[in-house]
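# What the coordinates show
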Amino acid sequence: MTVTGFKRVPFASTADAMTGTLPPALCQNMPNLSMIKLRGNQLTGPVDQLLNCTALTQLDISSNNFSGPLPSAANIWDWQRLEALDFSHNSFEGTIPDVLTALPVVGYLNAGHNRLTGTLHRSITLMQYLRHLALDHNQLTGHIDENIWFLPQLSVLDLSHNKLSGTISRVAG
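Residues numbered from 1 in each chain as written. Predicted model: local features only at pLDDT ≥ 70, side-chain atom pairs only at ≥ 80, totals over all residues. Heavy atoms only, no water.

### Observations regarding the overall build of the chain
Cut-off, in case you're wondering: Only DSSP runs of H or I reaching four residues or more are called helices, and only runs of E reaching two or more are called strands; each is numbered from the N terminus. Type-normalised accessible area, obtained with a 1.4 Å probe on protein chains alone, sets the label of each residue: buried when under 20%, exposed when over 50%, and partly exposed for intermediate values. Contact between two residues is taken to exist if any of their heavy atoms lie within 4.5 Å; hydrogens are not considered. Methods summary: accessible areas were calculated by the Shrake-Rupley approach with a probe of 1.4 Å, and residue burial reflects only the protein chains presented.
Each helix and strand in the chain was counted, giving one helix and 13 strands. Listed by position from the N terminus, the elements making up the chain come as β-β-β-β-β-β-β-α-β-β-β-β-β-β. When the 173 residues of the chain are sorted by exposure, 43% land in the buried category. In the chain, the proportion of contacts linking residues at least 24 apart, taken out of those at least 6 apart, comes to 47%. A total of about 9000 Å² of accessible surface is found on the chain, and carbon and sulfur atoms cover 52% of it.

What follows is the structure in structure tokens.
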């Protein structure tokens, strides 16, 4: 099976095999596609066409050369089933969209090793199913909201290599 818009590569491809951009009609012919894993390729460009993939439960586009802002359009709400999201090791820039942190069942969110800026939105502290949050190696600023320590499922928090300030609350200990 080949994917339209990519260099002809078998579906079960090896890392570094796919190049190019995501096809504009991605997911239009596969409305029940629940998992996309494109980790470790040489894909480029923006990723807005992923917003058409409304049945996703897992999305891993890490370790590519994607750029631009993280998806933030209003129809990101169509990702209601999304449990795992990995945007790490790309060249995304801009802020972390509030709407991304409002997805109801996300347990894994990794946007580390990008060029993200701005502050940590308070809405992150409302992600009740969040187990793993990695926003390391970005350019985030501001304070860490002390309510992050009350996320009931959180077991991994990596905010290293940012420009965050303040002290870690006594609650964290």
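What follows continues from the structure just given.
### Some details on the pattern of salt bridges
In plain terms, the rule: Between Lys or Arg on one side and Asp or Glu on the other, a salt bridge is scored when a side-chain nitrogen of the former is within 4 Å of a carboxyl oxygen of the latter.
Evaluated as defined, the whole model comprises three salt bridges. For Arg-39, the salt bridge goes to Asp-60, with nearest N and O atoms at 3.0 Å. Here Arg-39 is found in the loop between strand S2 (35-37) and strand S3 (42-45), whereas its partner Asp-60 is found in strand S4 (residues 58-60), with 21 residues between them in sequence. Residue Arg-39 is classed as partly exposed on the basis of its relative accessible area of 46%. Linking Asp-86 and Arg-39 is a salt bridge whose minimum nitrogen-to-oxygen distance equals 3.2 Å. Residue Asp-86 is found in strand S6 (residues 84-86), and its partner Arg-39 is found in the loop between S2 and S3; the two are separated by 47 residues along the sequence. Accessibility expressed as a relative area gives 4% for Asp-86, which makes it buried. Because the salt bridges share partners, they merge into one network encompassing Arg-39, Asp-60 and Asp-86.

### A short note on unusual backbone geometry
Backbone geometry at Ser-63 places phi at a positive 55°, although glycine is not the residue there. Mapping Ser-63 onto the fold places it in the loop between S4 and strand S5 (65-68). Of note, the phi angle at His-113 is positive, near 60°, even though the residue is not glycine. Residue classification places His-113 among the partly exposed residues on the basis of a relative accessible area of 28%.

### Remarks on the packing of aromatic side chains
For the record, the criterion: Whether two aromatic rings pair depends on their centres lying within 6.5 Å, for rings of Phe, Tyr and Trp, where Trp uses its six-membered ring; planes under 30 degrees apart make the pair stacked, over 60 edge-to-face, and the rest tilted.
According to the stated counting rule, one finds two aromatic pairs in the structure shown. Considering the side-chain rings of Phe-66 and Phe-92, the 6.4 Å spacing of their centres and the 15° angle between planes classify their relative orientation as stacked. Here Phe-92 lies in strand S7 (residues 91-94) and Phe-66 lies in strand S5, a separation of 26 residues in the sequence. The interplanar angle of 70° and the centroid separation of 5.5 Å between the aromatic rings of Phe-87 and Phe-92 together place this pair among those described as edge-to-face. The same class applies to Phe-87 and to Phe-92, which are both buried. Members of the aromatic cluster, joined through ring pairs, are Phe-66, Phe-87 and Phe-92.

### Description of the environment of Trp-149
Tracing the backbone shows Trp-149 in the loop between strand S11 (139-143) and strand S12 (156-158). Judged by relative accessible area, Trp-149 falls into the partly exposed class, the value being 28%. Each C-alpha atom, one on Trp-149 and one on Thr-125, is 8.2 Å from the other, the two residues being 24 residues apart in sequence.

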